[in-house]
Amino acid sequence: MRTQRLRRRPPKPPISEVNVLPYIDVMLVLLVIFMVTAPILTQGVDVELPEVTSEPIQSEEDNEPLVVSLDADGHYYLEMGSDSDEALNLEQVIQQVARLKRQNPEIPVLLRGDRRVAYGEVVVLMSRLQGAGVTQVGLISQPPEER
């Protein structure tokens, strides 16, 4: 009888490549989760806070700012030019601001609030202004008194 020799295959070299497909799948799932949850996490009104002492706002003569004032008693005033003596309710202010923004989308909107007004009322006003098409609201303040 002949002895049969078993042929052995030479051993395969180990694969030194990393399979990245599972990592890509995990990354895409995480990306979708972050894209869905990010809008839920950011709530409120966008306010650009200054990082240093701010300088006065320079406005062009043909682009006079629209100033919405809120006094300590909760009355709203819309100041554009010399018209500022008539107290308005919030709905009237929002309607007029929306109308003026449709006529001139570049008109700057500034908010002047009394220091005794509750923070919540200012936030509600800013939120309603945002709903009326105002994307940026400047806050008017007074420089501190020198002692």
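Preceding block: the structure.
These numbers were taken from a predicted model, which means no experiment stands behind them.

**Student:** Could you give an account of the packing of helix α2 (residues 90–103) against helix α3 (residues 119–131), naming the residues involved and the relevant values?
**Tutor:** In the contact formed by α2 and α3, the axes pass within 10 Å of each other and the chain directions differ by 35°. Judged by the sense of rotation from one axis to the other, the crossing of α2 with α3 is right-handed. Only V124, L125, R128 and L129 of α3 make contact with α2, whose side of the interface consists of L90, E91, I94 and V97. Taken together, the residues that form the contact of α2 with α3 break down as six nonpolar, no polar and two charged.

**Student:** An account of the sheet that holds strand β4 (residues 137–139) is needed here, citing residue identities and associated values.
**Tutor:** Spatially, four strands are ordered β2-β1-β3-β4 in an open sheet, and the strand pairing comes out mixed. Across the chains shown, the open sheet's two edge strands, defined by having one partner strand only, are β2 (76–79) and β4. Recorded for the sheet is a direction-independent mean angle of 25° between the axes of neighbouring strands. The sheet contact formed by strand β1 (residues 66–70) and strand β3 (residues 109–113) spans five bridges and is parallel. Each residue of the ladder has a partner; that of V67, found in β3, is L110.

**Student:** So what's going on with the nonpolar core? Residues and values would help.
**Tutor:** The nonpolar side chains of soluble globular proteins are, as a tendency, buried together. Within the largest apolar cluster, 23 residues are counted, with the highest numbers of intra-cluster contacts made by L66, V68, V97, L111, L125 and L129. Contributing elements (two or more residues each) for this core: β1, β2, α2, β3 and α3. Counting residues per element, this core draws most heavily on α2, which supplies six residues. When sequence neighbours within four positions are dropped, the list of residues in contact with L66 reads L78, E79, M80, V97, L100, I107, P108, V109 and L110.

**Student:** Quick one: what's the story with a nonpolar patch on the surface, residue by residue and with numbers?
**Tutor:** A cluster of nonpolar residues, V18, V20, L21, Y23, I24, M27, L28, L31 and M35, forms a patch on the protein surface that exposes about 930 Å² of accessible area. Looking at the secondary structure, you find V18 in the segment before α1 (21–41). For V18, a relative accessible area of 62% puts it in the exposed group.

Cut-offs and rules
- Residues numbered from 1 in each chain as written.
- Predicted model: local features only at pLDDT ≥ 70, side-chain atom pairs only at ≥ 80, totals over all residues.
- Heavy atoms only, no water.
- Axes fitted to C-alpha atoms, helices over the stretch in contact; angles between N-to-C directions.
- Helix = DSSP H or I, 4+ residues; strand = E, 2+ residues; numbered from the N terminus.
- Left-handed = near helix turned anticlockwise from the far one by under 90°.
- Contact = heavy atoms within 4.5 Å.
- Nonpolar A, V, L, I, M, F, W, Y, C, P; charged D, E, K, R; others polar.
- Pairing = 2+ DSSP bridges.
- Core = buried A, V, L, I, M, F, W, Y, C linked by side-chain atoms within 4.5 Å.
- Buried < 20%, exposed > 50% of the residue type's maximum accessible area, 1.4 Å probe, protein only.
- Patch = residues over 30% accessible without salt bridge, like charges linked within 9 Å, V, L, I, M, F, W, Y side chains within 5 Å.
- Areas by Shrake-Rupley, 256 points an atom, 1.4 Å probe, with all protein chains shown as cover.
- Salt bridge = Lys/Arg side-chain N within 4 Å of Asp/Glu carboxyl O.

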